[in-house]
Amino acid sequence: MKSSLFHLLAFASISFFVVFFSTFPVTTHFSITHSNHLQVVSHISLPPEIPPTDPPSPSPSPSPSPYEPTAVFSVLSYGAVGDGEADDTSAFKMAWDIACSQTQSVILVAPAGYRFIVHSTIFTGPCQTGLIFQIDGTIMAPDGPRSWPKYSDKRQWLVFYNVTGMTMQGDGVVDGRGHKWWELPCKPQKAIHGTKVAPPPCDSPVAIRFFMSSNLTVQGFKVHNSPQFHFRFDQCRNVVVRKLDINSPALSPNTDGIHIENTNNFILQSSLISNGDDCVSIGAGSYNVHIQNITCSSGHGISIGSLGSRNSKACVSNITVSDCFIHQSQNGVRIKTWQGGYGSVSQVKFHNIWMEGVRNPVIIDQYYCLSGNCSNQTSGVYIHDVSYSKIRGTYDVRSPPMHLACSDSVPCRDLKLSDIVLVPGAADGRVGEKNPFCWNAYGANQTLIVPPVSCLMGGSPDLIMDLKDDLC
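Conventions adopted
- The numbering scheme is per chain: residues are counted from 1 as the chain's sequence reads.
- In keeping with the model being predicted, local features are shown solely for residues with a pLDDT of at least 70 and side-chain atom pairs are shown and tallied solely at 80 or more, while totals for entire chains, interfaces and linings include all residues.
- Heavy atoms from the whole structure form the basis of all side-chain values; hydrogens and water molecules are not counted.
- Secondary structure is summarised from DSSP: a helix means a run of H or I of at least four residues, a strand means a run of E of at least two, and numbering begins at the N terminus for each.
- Accessible area is worked out with a 1.4 Å probe on protein chains only. A residue is then buried under 20% of its type maximum, exposed over 50%, and partly exposed in between.
- Pairing between strands requires that DSSP locate at least two bridges from one strand to the other.
- UniProt positions are given in the numbering used here, feature names are shortened, and annotations may be inferred rather than shown by experiment.
- The contact criterion used is simple: two residues touch if any of their non-hydrogen atoms lie within 4.5 Å.
- Cavity: a set of points on a 1 Å grid over the protein atoms alone where a 1.4 Å probe fits but cannot get out. Pocket: an open set with protein on both sides within 12 Å along at least five of seven lines, its lining residues, like those of a cavity, having an atom within 4 Å of a point.
- Grid points are joined across faces, edges and corners, and a volume is the space filled by probe spheres set on the points.
- Amino acid classes used here: Ala, Val, Leu, Ile, Met, Phe, Trp, Tyr, Cys and Pro are nonpolar; Asp, Glu, Lys and Arg are charged; the rest, including Gly, are polar.
- Pairing of aromatic rings covers Phe, Tyr and the six-membered ring of Trp, with a centre-to-centre limit of 6.5 Å; geometry is then stacked below 30 degrees between planes, edge-to-face above 60, and tilted otherwise.
- To count toward a patch, a residue needs a relative accessible area above 30% and no salt bridge. Like charges then connect within 9 Å, nonpolar side chains (Val, Leu, Ile, Met, Phe, Trp, Tyr) within 5 Å.
- Per-residue accessibility takes into account occlusion by the displayed protein chains alone, with areas from the Shrake-Rupley method and a 1.4 Å probe.
- Whenever a carboxyl oxygen of Asp or Glu lies within 4 Å of a side-chain nitrogen of Lys or Arg, that contact is scored as a salt bridge.
- Under the rule applied, a polar contact is a pair of N or O atoms within 3.5 Å (in protein, one hydrogen donor and one hydrogen acceptor; residues adjacent in sequence only if both atoms are side-chain atoms).
- Criterion for a disulfide: a pair of cysteine sulfur atoms at a distance within 2.5 Å.

Trainee: It is not clear to me how the side chain of glutamine 134 should be interpreted in this structure. Could you clarify?
Mentor: Here glutamine 134 is to be found in strand β8 (residues 131-135). A residue is classified by how much of its surface remains accessible, and glutamine 134, at 14% relative accessible area, is buried.

Trainee: Explain the pairing of strand β25 (residues 302-307) to me, please; I cannot follow it from the model alone.
Mentor: With respect to burial, β25 is a largely interior element, five of its six residues being buried. By the bridge criterion, three bridges tie strand β23 (residues 280-282) to β25 in an arrangement that is parallel. Residue pairing for β25: serine 281 is matched across the bridge by serine 303. Pairing geometry for β25 and strand β27 (residues 331-337), over four bridges, is parallel. For leucine 307, the partnering residue across the bridge sits in β27 and is threonine 337.

Trainee: Whenever I open this one, the UniProt feature "active site" (unreviewed entry) in the protein confuses me. Can you help?
Mentor: Look at the UniProt record and you will see "active site" (unreviewed entry) annotated at His300. Of note, histidine 300 is situated in the loop between β24 (286-297) and β25. Excluding residues that lie within four positions of it along the chain, histidine 300 makes contacts with Gly276, Asp277, Asp278, Gln330, Asn331 and Arg334.

Trainee: When you look at empty space enclosed by the protein in this model, what are you seeing that I'm missing?
Mentor: The method is simple in principle: a probe with the dimensions of a water molecule rolls over the atoms, and the space it marks as empty is what remains. For the structure on display, the rule yields one cavity of 30 Å³ or more. Empty space within the largest cavity amounts to approximately 60 Å³. Considering the residues around the largest cavity, the lining is formed by Phe92, Val118, Phe123, Phe133, Ile135, Ile139, Leu158, Phe160, Met168, Val174 and Ile208. Looking at the lining of the largest cavity, the elements with two or more residues in it are β8 and β10 (156-161). Of the residues assigned to the lining of the largest cavity, the class counts are eleven nonpolar, no polar and no charged.

Trainee: What exactly am I supposed to notice about the pairing of strand β28 (residues 342-358) here?
Mentor: Side-chain positions along a regular strand alternate between the two faces of the sheet. For β28, a buried count of twelve out of 17 residues is recorded, marking the element as mostly surrounded by other parts of the structure. In the sheet, strand β26 (residues 313-327) pairs with β28 via 13 bridges, with the strands oriented parallel. Looking at the pairing, valine 321 lines up with phenylalanine 350 of β28. By the bridge criterion, ten bridges tie β28 to strand β30 (residues 382-395) in an arrangement that is parallel. Paired with serine 344 across the strands is tyrosine 382, a residue of β30.

Trainee: Looking at this structure, how should I read the packing of aromatic side chains?
Mentor: The way to describe two aromatic rings as a pair is by their centre distance and the angle between their planes. Within the structure shown, the criterion is met by 16 aromatic pairs. Judged by centre distance (6.3 Å) and plane angle (50°), the ring pair of phenylalanine 221 and phenylalanine 231 falls under tilted. Here phenylalanine 231 lies in strand β18 (residues 231-234) and phenylalanine 221 lies in the loop between β16 (214-219) and β17 (222-224), a separation of ten residues in the sequence. Residue phenylalanine 231 is classed as buried on the basis of its relative accessible area, which comes to 1%. Ring geometry for tryptophan 338 and tyrosine 368: centres 5.3 Å apart, planes at 85°, overall edge-to-face. In this pair, tryptophan 338 is assigned in the loop between β27 and β28 and tyrosine 368 in the loop between β29 (360-365) and β30, connecting sequence segments 30 residues apart.

Trainee: I keep staring at a nonpolar patch on the surface and nothing clicks. Help me out?
Mentor: On the surface, a nonpolar cluster with roughly 250 Å² of combined accessible area is contributed by Ile122, Tyr161 and Met212. If you trace the backbone, tyrosine 161 turns up in strand β10. Judged by relative accessible area, which is 32%, tyrosine 161 ranks as partly exposed.

Trainee: Even after reading the chapter, I still don't get the pattern of salt bridges, so can you show me in this structure?
Mentor: A side chain of one charge can pair with a side chain of the opposite charge when the charged atoms of the two come close. This model, assessed by the stated rule, comprises twelve salt bridges. Lysine 416 is the partner of aspartate 385 in a salt bridge, and the nearest nitrogen-oxygen pair spans 2.9 Å. Of this pair, aspartate 385 sits in strand β30 while lysine 416 is found in strand β32 (residues 412-424), placing the two residues 31 residues apart along the sequence. In this structure aspartate 385 comes out as partly exposed when scored by relative accessible area, which is 27%. Between aspartate 419 and arginine 392 there is a salt bridge; the shortest N-O distance is 2.8 Å. Highlighted residues: aspartate 419 in strand β32 and arginine 392 in strand β30, separated in sequence by 27 residues. What makes arginine 392 buried here is its relative accessible area of 1%. It is possible to trace a salt-bridge network through shared partners that takes in Asp143, Arg177 and Lys180.

Trainee: Please explain the side chain of asparagine 352 as it appears in this structure.
Mentor: Assignment of secondary structure puts asparagine 352 in strand β28. What makes asparagine 352 buried here is its relative accessible area of 0%. A polar contact of 2.9 Å, which involves the side chain of asparagine 352, links it to the side chain of aspartate 323.

Trainee: Honestly, the state of the cysteines in this entry has me stumped. Any pointers?
Mentor: Cysteine pairs can be covalently joined through their sulfur atoms, and such a bond is termed a disulfide. The tally for this structure, following the rule as stated, stands at seven disulfides. In this model cysteine 100 forms its disulfide with cysteine 127; the gap between the sulfur atoms is 2.1 Å. Between cysteine 100 and cysteine 127, the S-S torsion sits near -105°, and that sign places the bridge as left-handed. Of this pair, cysteine 100 sits in helix α2 (residues 89-100) while cysteine 127 sits in the loop between β7 (121-124) and β8; the two residues are 27 residues apart in sequence, bridging distant segments of the chain. Judged by relative accessible area, cysteine 100 falls into the buried class, the value being 7%.

Structure representation (C-alpha coordinates):
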(Lines give C-alpha, C1' and ligand atoms only; values in the text may rest on other atoms or scores of the structure.)
Protein backbone atom coordinates (compact mmCIF):
# COMPACT_ATOMS: atom_id res chain seq x y z
CA MET A 1 0.00 0.00 0.00
CA LYS A 2 2.79 2.41 0.92
CA SER A 3 4.58 1.73 -2.35
CA SER A 4 1.40 2.23 -4.36
CA LEU A 5 0.69 5.50 -2.56
CA PHE A 6 4.18 6.74 -3.30
CA HIS A 7 3.83 5.88 -7.00
CA LEU A 8 0.51 7.72 -7.09
CA LEU A 9 2.00 10.78 -5.38
CA ALA A 10 4.96 10.75 -7.74
CA PHE A 11 2.65 10.68 -10.78
CA ALA A 12 0.42 13.43 -9.41
CA SER A 13 3.39 15.61 -8.53
CA ILE A 14 4.94 15.34 -11.97
CA SER A 15 1.58 16.18 -13.53
CA PHE A 16 1.38 19.33 -11.38
CA PHE A 17 4.85 20.50 -12.35
CA VAL A 18 4.35 19.77 -16.05
CA VAL A 19 1.26 22.02 -16.00
CA PHE A 20 2.82 24.67 -13.78
CA PHE A 21 5.95 24.98 -15.90
CA SER A 22 4.45 24.20 -19.29
CA THR A 23 5.93 27.41 -20.70
CA PHE A 24 9.32 25.74 -20.83
CA PRO A 25 9.12 23.16 -23.65
CA VAL A 26 12.28 21.12 -24.26
CA THR A 27 13.08 17.87 -26.02
CA THR A 28 15.54 15.13 -25.11
CA HIS A 29 17.69 12.67 -26.94
CA PHE A 30 19.79 10.42 -24.73
CA SER A 31 21.65 7.38 -25.93
CA ILE A 32 24.52 5.26 -24.70
CA THR A 33 27.10 3.46 -26.68
CA HIS A 34 28.07 0.27 -24.87
CA SER A 35 31.82 0.25 -25.17
CA ASN A 36 34.69 -0.14 -22.83
CA HIS A 37 34.25 3.48 -21.79
CA LEU A 38 30.42 3.69 -21.70
CA GLN A 39 30.41 6.97 -23.58
CA VAL A 40 27.40 9.24 -23.50
CA VAL A 41 26.79 10.03 -27.18
CA SER A 42 24.37 12.89 -26.66
CA HIS A 43 22.73 14.41 -23.65
CA ILE A 44 20.21 17.16 -24.29
CA SER A 45 17.82 17.35 -21.38
CA LEU A 46 14.07 17.77 -21.05
CA PRO A 47 11.59 17.68 -18.19
CA PRO A 48 11.99 14.31 -16.51
CA GLU A 49 10.01 11.34 -17.62
CA ILE A 50 7.10 10.42 -15.37
CA PRO A 51 8.63 8.02 -12.84
CA PRO A 52 7.73 4.45 -13.69
CA THR A 53 4.71 3.32 -11.69
CA ASP A 54 6.21 -0.13 -11.29
CA PRO A 55 9.83 -1.29 -11.48
CA PRO A 56 10.39 -1.85 -15.21
CA SER A 57 10.86 -5.43 -16.29
CA PRO A 58 14.22 -6.39 -17.75
CA SER A 59 14.56 -7.08 -21.43
CA PRO A 60 13.60 -10.64 -22.35
CA SER A 61 17.09 -11.21 -23.73
CA PRO A 62 20.17 -10.67 -21.56
CA SER A 63 21.12 -7.30 -23.02
CA PRO A 64 23.66 -5.74 -23.36
CA SER A 65 25.74 -8.90 -22.98
CA PRO A 66 27.55 -9.49 -26.29
CA TYR A 67 26.91 -13.22 -26.29
CA GLU A 68 24.15 -15.78 -26.10
CA PRO A 69 24.58 -18.16 -23.13
CA THR A 70 24.88 -21.80 -24.04
CA ALA A 71 24.50 -23.37 -20.56
CA VAL A 72 22.19 -22.82 -17.60
CA PHE A 73 23.24 -23.60 -14.01
CA SER A 74 20.46 -23.61 -11.42
CA VAL A 75 21.34 -23.36 -7.74
CA LEU A 76 18.75 -26.11 -7.17
CA SER A 77 21.05 -28.53 -9.00
CA TYR A 78 23.72 -27.94 -6.35
CA GLY A 79 21.62 -28.58 -3.28
CA ALA A 80 19.71 -25.35 -2.72
CA VAL A 81 16.34 -25.96 -1.02
CA GLY A 82 14.70 -22.54 -1.28
CA ASP A 83 12.15 -23.05 1.50
CA GLY A 84 13.03 -19.88 3.43
CA GLU A 85 14.53 -21.91 6.30
CA ALA A 86 17.43 -24.03 5.03
CA ASP A 87 20.89 -22.50 4.63
CA ASP A 88 21.54 -22.41 0.87
CA THR A 89 24.92 -20.65 1.05
CA SER A 90 27.02 -23.65 0.03
CA ALA A 91 24.78 -24.39 -2.94
CA PHE A 92 25.08 -20.83 -4.22
CA LYS A 93 28.84 -20.82 -3.77
CA MET A 94 29.28 -24.17 -5.49
CA ALA A 95 27.03 -23.18 -8.40
CA TRP A 96 28.96 -19.90 -8.78
CA ASP A 97 32.38 -21.58 -8.74
CA ILE A 98 31.39 -24.14 -11.35
CA ALA A 99 29.58 -21.64 -13.60
CA CYS A 100 32.48 -19.20 -13.31
CA SER A 101 34.99 -21.84 -14.43
CA GLN A 102 33.16 -22.65 -17.68
CA THR A 103 34.73 -21.68 -20.97
CA GLN A 104 31.32 -21.20 -22.57
CA SER A 105 28.82 -18.44 -21.81
CA VAL A 106 26.52 -19.36 -18.92
CA ILE A 107 23.51 -18.28 -16.88
CA LEU A 108 23.48 -18.88 -13.14
CA VAL A 109 19.84 -18.98 -12.01
CA ALA A 110 18.10 -18.51 -8.67
CA PRO A 111 14.69 -19.61 -9.98
CA ALA A 112 11.30 -18.04 -9.31
CA GLY A 113 9.04 -19.47 -6.63
CA TYR A 114 11.83 -20.16 -4.12
CA ARG A 115 13.12 -18.29 -1.05
CA PHE A 116 16.84 -18.83 -0.53
CA ILE A 117 18.66 -18.00 2.71
CA VAL A 118 22.27 -17.08 1.96
CA HIS A 119 24.84 -16.07 4.58
CA SER A 120 27.71 -13.62 4.09
CA THR A 121 29.54 -14.81 0.98
CA ILE A 122 32.23 -13.64 -1.44
CA PHE A 123 31.69 -14.60 -5.09
CA THR A 124 35.16 -14.38 -6.63
CA GLY A 125 36.22 -13.83 -10.24
CA PRO A 126 37.44 -13.42 -12.80
CA CYS A 127 35.27 -15.93 -14.59
CA GLN A 128 36.42 -17.65 -17.77
CA THR A 129 33.72 -15.91 -19.81
CA GLY A 130 30.95 -13.41 -19.19
CA LEU A 131 28.32 -14.67 -16.77
CA ILE A 132 24.67 -13.79 -16.25
CA PHE A 133 23.39 -14.08 -12.69
CA GLN A 134 19.62 -14.36 -13.10
CA ILE A 135 17.72 -13.58 -9.88
CA ASP A 136 14.09 -14.60 -10.34
CA GLY A 137 13.40 -15.95 -6.87
CA THR A 138 14.00 -14.31 -3.48
CA ILE A 139 17.44 -14.25 -1.86
CA MET A 140 17.24 -13.51 1.87
CA ALA A 141 19.84 -12.59 4.47
CA PRO A 142 19.83 -14.24 7.91
CA ASP A 143 17.18 -12.66 10.14
CA GLY A 144 19.11 -10.07 12.11
CA PRO A 145 22.39 -9.94 14.08
CA ARG A 146 21.62 -12.94 16.28
CA SER A 147 21.13 -15.14 13.22
CA TRP A 148 24.41 -13.96 11.71
CA PRO A 149 27.16 -16.59 12.11
CA LYS A 150 29.56 -15.58 14.88
CA TYR A 151 32.67 -15.41 12.72
CA SER A 152 31.06 -14.01 9.55
CA ASP A 153 31.80 -10.48 8.38
CA LYS A 154 29.09 -8.21 9.74
CA ARG A 155 29.95 -5.40 7.32
CA GLN A 156 28.95 -7.10 4.08
CA TRP A 157 26.55 -9.73 2.83
CA LEU A 158 26.81 -10.56 -0.90
CA VAL A 159 30.22 -9.55 -2.27
CA PHE A 160 31.37 -9.82 -5.89
CA TYR A 161 35.15 -9.49 -6.10
CA ASN A 162 37.31 -9.09 -9.21
CA VAL A 163 34.42 -9.88 -11.55
CA THR A 164 34.53 -8.78 -15.19
CA GLY A 165 31.78 -8.78 -17.80
CA MET A 166 28.95 -9.93 -15.52
CA THR A 167 25.26 -9.12 -15.87
CA MET A 168 23.08 -9.35 -12.76
CA GLN A 169 19.38 -9.19 -13.60
CA GLY A 170 15.97 -10.73 -13.03
CA ASP A 171 12.43 -10.30 -11.74
CA GLY A 172 13.24 -11.40 -8.21
CA VAL A 173 14.01 -9.83 -4.84
CA VAL A 174 17.12 -9.47 -2.72
CA ASP A 175 15.85 -9.02 0.85
CA GLY A 176 18.35 -7.78 3.43
CA ARG A 177 15.91 -8.27 6.34
CA GLY A 178 17.38 -5.23 8.02
CA HIS A 179 14.72 -4.44 10.65
CA LYS A 180 16.53 -6.03 13.59
CA TRP A 181 19.80 -4.35 12.58
CA TRP A 182 18.13 -0.92 12.55
CA GLU A 183 16.92 -1.45 16.12
CA LEU A 184 20.40 -2.01 17.56
CA PRO A 185 21.29 0.47 20.35
CA CYS A 186 24.37 1.53 18.39
CA LYS A 187 22.21 2.96 15.59
CA PRO A 188 21.25 6.66 15.48
CA GLN A 189 18.34 7.19 17.86
CA LYS A 190 15.91 10.06 18.20
CA ALA A 191 15.85 11.86 21.53
CA ILE A 192 12.63 13.31 22.97
CA HIS A 193 13.04 16.64 21.22
CA GLY A 194 14.21 15.18 17.94
CA THR A 195 17.95 15.66 18.43
CA LYS A 196 20.24 12.79 17.49
CA VAL A 197 22.13 10.90 20.14
CA ALA A 198 25.65 10.11 18.92
CA PRO A 199 25.91 6.29 18.81
CA PRO A 200 29.04 4.21 19.35
CA PRO A 201 30.57 2.46 16.30
CA CYS A 202 28.34 -0.18 14.79
CA ASP A 203 28.87 -2.76 12.03
CA SER A 204 25.99 -3.67 9.74
CA PRO A 205 26.18 -5.46 6.39
CA VAL A 206 25.95 -3.85 2.97
CA ALA A 207 23.51 -5.92 0.92
CA ILE A 208 25.36 -6.12 -2.42
CA ARG A 209 28.95 -5.00 -2.86
CA PHE A 210 31.02 -5.01 -6.04
CA PHE A 211 34.74 -4.65 -5.39
CA MET A 212 37.51 -4.21 -7.99
CA SER A 213 35.16 -5.25 -10.80
CA SER A 214 34.51 -3.95 -14.31
CA ASN A 215 32.19 -4.05 -17.31
CA LEU A 216 29.12 -4.74 -15.18
CA THR A 217 25.40 -4.48 -15.89
CA VAL A 218 22.94 -4.58 -12.98
CA GLN A 219 19.27 -4.32 -13.89
CA GLY A 220 15.67 -5.15 -13.30
CA PHE A 221 15.29 -6.71 -9.84
CA LYS A 222 14.31 -5.41 -6.38
CA VAL A 223 16.56 -4.85 -3.37
CA HIS A 224 14.70 -4.25 -0.11
CA ASN A 225 15.47 -3.58 3.55
CA SER A 226 19.24 -3.67 3.57
CA PRO A 227 20.78 -3.46 7.06
CA GLN A 228 23.04 -0.71 5.68
CA PHE A 229 23.79 0.41 2.08
CA HIS A 230 21.75 -1.47 -0.52
CA PHE A 231 24.52 -1.33 -3.15
CA ARG A 232 28.17 -0.36 -2.88
CA PHE A 233 30.63 -0.14 -5.77
CA ASP A 234 34.30 0.12 -4.74
CA GLN A 235 37.14 0.49 -7.26
CA CYS A 236 34.90 -0.44 -10.16
CA ARG A 237 34.81 0.85 -13.74
CA ASN A 238 32.46 0.67 -16.71
CA VAL A 239 29.22 0.00 -14.86
CA VAL A 240 25.60 0.34 -16.01
CA VAL A 241 22.84 0.19 -13.38
CA ARG A 242 19.24 0.60 -14.45
CA LYS A 243 15.60 -0.25 -13.81
CA LEU A 244 16.06 -1.14 -10.15
CA ASP A 245 13.55 -0.89 -7.30
CA ILE A 246 15.37 -0.12 -4.03
CA ASN A 247 13.21 0.23 -0.94
CA SER A 248 13.54 0.52 2.82
CA PRO A 249 11.60 2.57 5.42
CA ALA A 250 12.14 6.32 5.69
CA LEU A 251 13.62 6.02 9.18
CA SER A 252 15.95 3.10 8.46
CA PRO A 253 19.45 4.38 9.37
CA ASN A 254 22.40 4.44 6.94
CA THR A 255 20.48 2.67 4.19
CA ASP A 256 21.96 4.52 1.20
CA GLY A 257 20.43 3.29 -2.03
CA ILE A 258 23.60 3.21 -4.13
CA HIS A 259 27.05 4.27 -2.95
CA ILE A 260 30.09 4.49 -5.22
CA GLU A 261 33.70 5.01 -4.16
CA ASN A 262 36.86 5.18 -6.31
CA THR A 263 34.68 4.23 -9.27
CA ASN A 264 34.58 5.65 -12.80
CA ASN A 265 32.53 5.42 -15.98
CA PHE A 266 29.37 4.72 -14.00
CA ILE A 267 25.85 5.13 -15.40
CA LEU A 268 22.67 4.95 -13.29
CA GLN A 269 19.31 5.20 -15.03
CA SER A 270 15.56 4.79 -14.66
CA SER A 271 15.28 3.49 -11.10
CA LEU A 272 13.08 3.98 -8.04
CA ILE A 273 14.85 4.52 -4.71
CA SER A 274 12.98 5.04 -1.42
CA ASN A 275 15.09 4.73 1.71
CA GLY A 276 16.31 6.28 4.95
CA ASP A 277 19.59 7.88 3.88
CA ASP A 278 21.21 9.14 0.66
CA CYS A 279 19.35 8.04 -2.44
CA VAL A 280 22.70 8.01 -4.23
CA SER A 281 26.05 8.91 -2.65
CA ILE A 282 29.23 9.58 -4.60
CA GLY A 283 32.44 9.10 -2.64
CA ALA A 284 36.08 10.08 -3.10
CA GLY A 285 37.98 8.97 -6.18
CA SER A 286 34.88 8.84 -8.41
CA TYR A 287 34.66 10.45 -11.84
CA ASN A 288 32.67 10.18 -15.08
CA VAL A 289 29.41 9.46 -13.24
CA HIS A 290 26.10 10.01 -15.04
CA ILE A 291 22.74 9.74 -13.25
CA GLN A 292 19.50 10.14 -15.19
CA ASN A 293 15.76 9.64 -14.63
CA ILE A 294 15.92 8.56 -10.99
CA THR A 295 13.04 8.95 -8.53
CA CYS A 296 14.21 9.48 -4.94
CA SER A 297 11.79 9.46 -2.02
CA SER A 298 11.90 9.95 1.75
CA GLY A 299 15.69 9.85 2.19
CA HIS A 300 18.51 12.37 2.03
CA GLY A 301 18.61 13.06 -1.70
CA ILE A 302 21.49 12.76 -4.17
CA SER A 303 24.83 13.53 -2.52
CA ILE A 304 28.42 14.05 -3.47
CA GLY A 305 30.18 13.11 -0.25
CA SER A 306 30.75 13.15 2.49
CA LEU A 307 34.34 13.97 1.51
CA GLY A 308 37.52 14.78 3.39
CA SER A 309 36.84 13.01 6.67
CA ARG A 310 39.83 12.62 9.02
CA ASN A 311 41.79 15.19 6.99
CA SER A 312 41.81 12.96 3.91
CA LYS A 313 42.19 13.86 0.24
CA ALA A 314 39.08 13.61 -1.93
CA CYS A 315 38.86 13.99 -5.70
CA VAL A 316 35.52 13.93 -7.53
CA SER A 317 34.93 15.21 -11.09
CA ASN A 318 32.70 15.04 -14.15
CA ILE A 319 29.43 14.26 -12.39
CA THR A 320 26.10 14.76 -14.19
CA VAL A 321 22.70 14.42 -12.51
CA SER A 322 19.73 15.08 -14.79
CA ASP A 323 16.03 14.46 -15.33
CA CYS A 324 15.35 13.33 -11.75
CA PHE A 325 12.42 13.63 -9.35
CA ILE A 326 13.07 14.05 -5.61
CA HIS A 327 10.06 13.67 -3.34
CA GLN A 328 9.63 14.41 0.40
CA SER A 329 13.35 14.17 1.11
CA GLN A 330 15.56 15.90 3.64
CA ASN A 331 17.82 17.13 0.82
CA GLY A 332 17.64 17.50 -2.92
CA VAL A 333 21.08 17.74 -4.52
CA ARG A 334 23.92 18.08 -2.03
CA ILE A 335 27.70 18.40 -1.81
CA LYS A 336 28.98 17.67 1.70
CA THR A 337 32.55 17.86 2.97
CA TRP A 338 34.28 17.74 6.32
CA GLN A 339 36.54 20.52 7.53
CA GLY A 340 40.21 19.62 7.37
CA GLY A 341 40.02 17.59 4.17
CA TYR A 342 41.59 18.61 0.87
CA GLY A 343 41.30 17.86 -2.85
CA SER A 344 38.56 19.11 -5.14
CA VAL A 345 35.05 18.67 -6.52
CA SER A 346 34.69 19.99 -10.08
CA GLN A 347 32.82 19.68 -13.37
CA VAL A 348 29.50 18.95 -11.69
CA LYS A 349 26.15 19.50 -13.42
CA PHE A 350 22.73 19.27 -11.76
CA HIS A 351 20.15 19.74 -14.52
CA ASN A 352 16.39 19.37 -14.78
CA ILE A 353 15.67 18.25 -11.22
CA TRP A 354 12.09 18.36 -9.97
CA MET A 355 11.48 18.68 -6.24
CA GLU A 356 8.40 18.14 -4.11
CA GLY A 357 8.38 18.97 -0.40
CA VAL A 358 12.17 18.85 -0.14
CA ARG A 359 13.66 20.50 2.94
CA ASN A 360 17.03 21.53 1.40
CA PRO A 361 16.62 21.45 -2.38
CA VAL A 362 20.10 22.83 -3.19
CA ILE A 363 22.81 22.52 -0.56
CA ILE A 364 26.57 22.82 -0.27
CA ASP A 365 27.68 21.97 3.25
CA GLN A 366 31.42 22.28 3.91
CA TYR A 367 30.86 22.05 7.65
CA TYR A 368 29.51 18.52 7.67
CA CYS A 369 29.71 17.08 11.17
CA LEU A 370 27.87 14.11 12.66
CA SER A 371 28.64 14.82 16.30
CA GLY A 372 27.68 18.50 16.28
CA ASN A 373 31.00 19.28 17.97
CA CYS A 374 33.57 19.58 15.17
CA SER A 375 36.29 22.22 15.48
CA ASN A 376 37.11 24.74 12.74
CA GLN A 377 40.08 23.79 10.55
CA THR A 378 42.12 25.73 8.04
CA SER A 379 41.91 23.35 5.08
CA GLY A 380 38.96 22.26 2.99
CA VAL A 381 37.97 20.50 -0.22
CA TYR A 382 37.95 23.01 -3.11
CA ILE A 383 34.52 23.12 -4.79
CA HIS A 384 34.44 24.79 -8.20
CA ASP A 385 32.79 24.62 -11.62
CA VAL A 386 29.37 23.47 -10.39
CA SER A 387 26.20 24.32 -12.31
CA TYR A 388 22.57 24.16 -11.20
CA SER A 389 20.07 24.57 -14.03
CA LYS A 390 16.36 24.02 -14.45
CA ILE A 391 15.72 23.06 -10.84
CA ARG A 392 12.07 23.54 -9.90
CA GLY A 393 9.46 22.56 -7.40
CA THR A 394 8.44 23.08 -3.78
CA TYR A 395 10.41 23.17 -0.58
CA ASP A 396 9.80 22.87 3.14
CA VAL A 397 10.11 26.38 4.62
CA ARG A 398 11.90 25.12 7.73
CA SER A 399 15.11 25.54 5.70
CA PRO A 400 16.26 27.91 2.94
CA PRO A 401 15.63 26.65 -0.60
CA MET A 402 19.34 27.14 -1.37
CA HIS A 403 22.08 26.75 1.24
CA LEU A 404 25.60 27.41 -0.07
CA ALA A 405 27.87 27.17 2.98
CA CYS A 406 31.45 27.08 1.70
CA SER A 407 34.72 26.75 3.58
CA ASP A 408 36.15 29.78 5.38
CA SER A 409 39.60 29.13 3.94
CA VAL A 410 38.69 27.64 0.54
CA PRO A 411 35.72 29.50 -1.00
CA CYS A 412 33.49 27.82 -3.55
CA ARG A 413 34.16 29.25 -6.98
CA ASP A 414 32.42 29.34 -10.36
CA LEU A 415 28.97 28.31 -9.14
CA LYS A 416 26.48 28.82 -11.98
CA LEU A 417 22.74 29.16 -11.31
CA SER A 418 20.12 29.32 -14.07
CA ASP A 419 16.42 28.69 -14.54
CA ILE A 420 15.70 27.85 -10.90
CA VAL A 421 12.18 28.21 -9.48
CA LEU A 422 11.62 26.97 -5.92
CA VAL A 423 8.48 27.93 -4.00
CA PRO A 424 7.06 26.95 -0.61
CA GLY A 425 4.93 23.83 -0.54
CA ALA A 426 1.16 24.20 -0.71
CA ALA A 427 0.80 23.59 3.02
CA ASP A 428 3.35 26.30 3.83
CA GLY A 429 2.03 29.05 1.58
CA ARG A 430 4.38 32.02 1.68
CA VAL A 431 4.30 32.34 5.47
CA GLY A 432 7.80 32.00 6.89
CA GLU A 433 9.46 31.80 3.48
CA LYS A 434 13.24 31.81 3.83
CA ASN A 435 15.83 33.54 1.70
CA PRO A 436 18.74 31.60 0.20
CA PHE A 437 21.83 31.42 2.38
CA CYS A 438 25.41 31.86 1.14
CA TRP A 439 28.75 31.83 2.90
CA ASN A 440 31.99 32.41 0.99
CA ALA A 441 30.29 31.34 -2.24
CA TYR A 442 31.31 32.90 -5.57
CA GLY A 443 29.57 32.54 -8.89
CA ALA A 444 26.84 33.98 -11.08
CA ASN A 445 23.07 34.03 -11.45
CA GLN A 446 22.85 33.46 -15.20
CA THR A 447 19.07 33.97 -15.35
CA LEU A 448 16.37 35.26 -13.03
CA ILE A 449 16.23 32.93 -10.02
CA VAL A 450 13.18 32.41 -7.78
CA PRO A 451 13.81 33.22 -5.01
CA PRO A 452 16.67 35.60 -5.87
CA VAL A 453 20.14 34.53 -4.71
CA SER A 454 21.53 37.97 -3.99
CA CYS A 455 24.02 36.55 -1.48
CA LEU A 456 26.11 34.85 -4.20
CA MET A 457 29.27 36.91 -4.70
CA GLY A 458 30.75 37.73 -8.10
CA GLY A 459 34.36 37.78 -9.17
CA SER A 460 37.16 35.51 -8.06
CA PRO A 461 38.02 35.04 -4.39
CA ASP A 462 41.44 35.29 -2.84
CA LEU A 463 42.23 31.89 -1.44
CA ILE A 464 43.45 31.98 2.13
CA MET A 465 45.40 28.75 1.73
CA ASP A 466 47.74 27.67 -1.06
CA LEU A 467 46.00 25.00 -3.11
CA LYS A 468 48.79 24.04 -5.47
CA ASP A 469 49.69 20.88 -3.53
CA ASP A 470 46.15 20.01 -2.55
CA LEU A 471 44.33 19.78 -5.86
CA CYS A 472 43.65 16.55 -7.70
